[in-house]
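# Structure at a glance
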Amino acid sequence: RKEVEQDPGPFNVPEGATVAFNCTYSNSASQSFFWYRQDCRKEPKLLMSVYSSGNEDGRFTAQLNRASQYISLLIRDSKLSDSATYLCVVNMLSSGTYKYIFGTGTRLKVLA
Amino acid sequence: EPEVTQTPSHQVTQMGQEVILRCVPISNHLYFYWYRQILGQKVEFLVSFYNNEISEKSEIFDDQFSVERPDGSNFTLKIRSTKLEDSAMYFCASTEQGAQPQHFGDGTRLSIL
């Protein structure tokens, strides 16, 4: 089983739609969780951290379910500028140090 | 907002040559990382560095790879004898504390001919 698994998409949605991405992780010792956004041939940029209580940042809502080892991202009122690849990232504590494990990313295309 | 900077943005090298990729992490950050992304694939962890030594390295980070923080600001990745399969984007990242989000540089695209 992959350490971090995401549906690669692409998700093609009209402007204004609500879209949800899911991610599962295999290592129950994973410490912290993030969603990053990556535009084509650019660096990953932090979108938001993910907390068990759920957290919201404007149109974006992230949720973590530690029992099910499941992370989600909801985007409301999609904009053309939301078109990108969304990376699910698990921050693992291993041998006393942290490292990121990335999912393959989910591609989103918002259509006019 | 402070950022991680990487140079060069694009490096083209003949197979078998040595390359050094440079990174300047955010100044108050203590943890440094290199990641690689082969075109069309996911971002992969290479190495983490803290307190002037390697904390962890992946299977990809073999004897051809080394990292160094020569002067307290730069953080370099050296590939001693490049192979075709080293062609990828290489991202440097840093963070103040290990559990906190990492900040990424805009990458160096390495092309091995």
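Residues numbered from 1 in each chain as written. Chains lettered and ligands numbered in written order. Predicted model: local features only at pLDDT ≥ 70, side-chain atom pairs only at ≥ 80, totals over all residues. Heavy atoms only, no water.

### Considering the overall build of chain B
Each helix and strand counted, chain B has zero helices and 11 strands in total. The C-alpha atoms of chain B give a radius of gyration of 13 Å, which matches the 13 Å a tight globule of 113 residues would have. Taking the principal axes of the C-alpha coordinates as reference, chain B spans close to 35 × 25 × 25 Å. Buried residues in chain B amount to 45% of all 113 residues. Considering only contacts within chain B whose residues lie at least 6 apart along the sequence, 54% involve residues at least 24 apart. Put simply, chain B shows about 5,700 Å² of open surface, and 43% of that area lies on carbon and sulfur atoms. The averaged location of the 15 negative side-chain charges in chain B is 5 Å from the averaged location of its 9 positive side-chain charges. (Helix = DSSP H or I, 4+ residues; strand = E, 2+ residues; numbered from the N terminus. Rg over C-alpha atoms; globule rule 2.2 N^0.38 Å. Buried < 20%, exposed > 50% of the residue type's maximum accessible area, 1.4 Å probe, protein only. Contact = heavy atoms within 4.5 Å. Areas by Shrake-Rupley, 256 points an atom, 1.4 Å probe, with all protein chains shown as cover. Lys, Arg positive; Asp, Glu negative; His and termini not counted. Charge placed at Lys NZ, Arg CZ, Asp CG, Glu CD.)

### What to know about the layout of surface pockets
Empty space among the atoms can be located by rolling a probe the size of a water molecule over them. Taken as a whole, the largest pocket spans an internal volume of roughly 570 Å³. R41 of chain A together with Q37, L39, G40 and Q41 of chain B are the residues nearest the centre of the largest pocket, which is lined by 27 residues in total. Those elements that place two or more of their residues in the lining of the largest pocket are β9 (84-94) of chain A together with β9 (88-95) and β11 (108-112) of chain B. In the lining of the largest pocket, the residues fall into 11 nonpolar, 10 polar and six charged. Estimates place the volume of the second largest pocket at around 340 Å³. What lines the second largest pocket is a set of 16 residues, and nearest its centre among them are E43 and K45 of chain A together with E3, H103 and F104 of chain B. (1 Å grid on protein atoms, 1.4 Å probe; cavity = no way out; pocket = protein on both sides within 12 Å on 5 of 7 lines; lining within 4 Å. Points joined across faces, edges and corners; volume = space filled by probe spheres on them. Nonpolar A, V, L, I, M, F, W, Y, C, P; charged D, E, K, R; others polar.)

### A few points about the side chain of T76 of chain B
All names here are of chain B. Counting through the fold element by element, T76 comes out in strand β8 (residues 75-79). For T76, a relative accessible area of 9% gives the class buried. Dropping the residues within four chain positions of it, T76 is found in contact with I20, L21, R22, W34, S66, V67 and E68.

### Examining the pattern of salt bridges
Residue and element names in this part refer to chain A. Inspection of the entire model under this criterion finds six salt bridges over all chains. One salt bridge connects R76 with E56, and the closest N-O pair in it is separated by 3.6 Å. Residue R76 is located in the loop between β8 (70-75) and β9, and its partner E56 is located in strand β6 (residues 55-57); the two are separated by 20 residues in the primary sequence. The exposure class assigned to R76 is partly exposed, which follows from its relative accessible area of 27%. By relative accessible area, E56 is classed as exposed at 59%. (Salt bridge = Lys/Arg side-chain N within 4 Å of Asp/Glu carboxyl O.)

### Here we look at the sheet that holds strand β7 (residues 65-68) of chain B
Residue and element names in this part refer to chain B. The strand order across the open sheet formed by four strands is β1-β3-β8-β7, and the pairing between neighbours is antiparallel. Both edges of this open sheet fall to β1 (5-7) and β7, since each of them pairs with a single strand only. Averaged over all neighbouring strand pairs, the angle between strand axes comes to 20°, with direction disregarded. (Pairing = 2+ DSSP bridges. Axes fitted to C-alpha atoms, helices over the stretch in contact; angles between N-to-C directions.)

### Some details on the interface of chain A and chain B
Contacts between the two partners involve 19 residues from chain A, matched on the other side by 21 residues from chain B. For the pair chain A and chain B, the summed buried area comes to about 1,800 Å², and 57% of that belongs to carbon and sulfur atoms. When the buried area of chain A at its contact with chain B is split by residue, R41, Y100 and F102 of chain A rank highest and sum to 31% of it. The interface formed by chain A and chain B contains one salt bridge. The partner of K99 of chain A in a salt bridge is E56 of chain B, and the shortest N-O contact between them spans 3.0 Å. (Buried area = accessible area lost by both parts, 1.4 Å probe.)

### Focus: the environment of G58 of chain A
Residue and element names in this part refer to chain A. Relative to the assigned elements, G58 resides in the loop between β6 and β7 (60-65). Judged by relative accessible area, G58 falls into the exposed class, the value being 55%. Residues G58 and I75, spaced 17 residues apart in sequence, show a C-alpha to C-alpha distance of 9.2 Å.

### Remarks on the sheet that holds β8 of chain A
Strand-to-strand pairing in sheets goes through backbone hydrogen bonds, with the strands running parallel or antiparallel. All names here are of chain A. Reading across from one edge, β1-β3-β8-β7-β6 is the order of the five strands in this open sheet, with antiparallel pairing throughout. Of all strands in the sheet, those bounded by a partner on one side alone are β1 (4-6) and β6. Neighbouring strand axes in the sheet, compared pairwise and without regard to direction, differ in orientation by 20° on average. Sheet topology places β7 next to β8; six bridges connect them, and they run antiparallel. Note that in β8 the partner of T61 across the bridge is L74.

These figures come from the coordinates and say nothing about function on their own.
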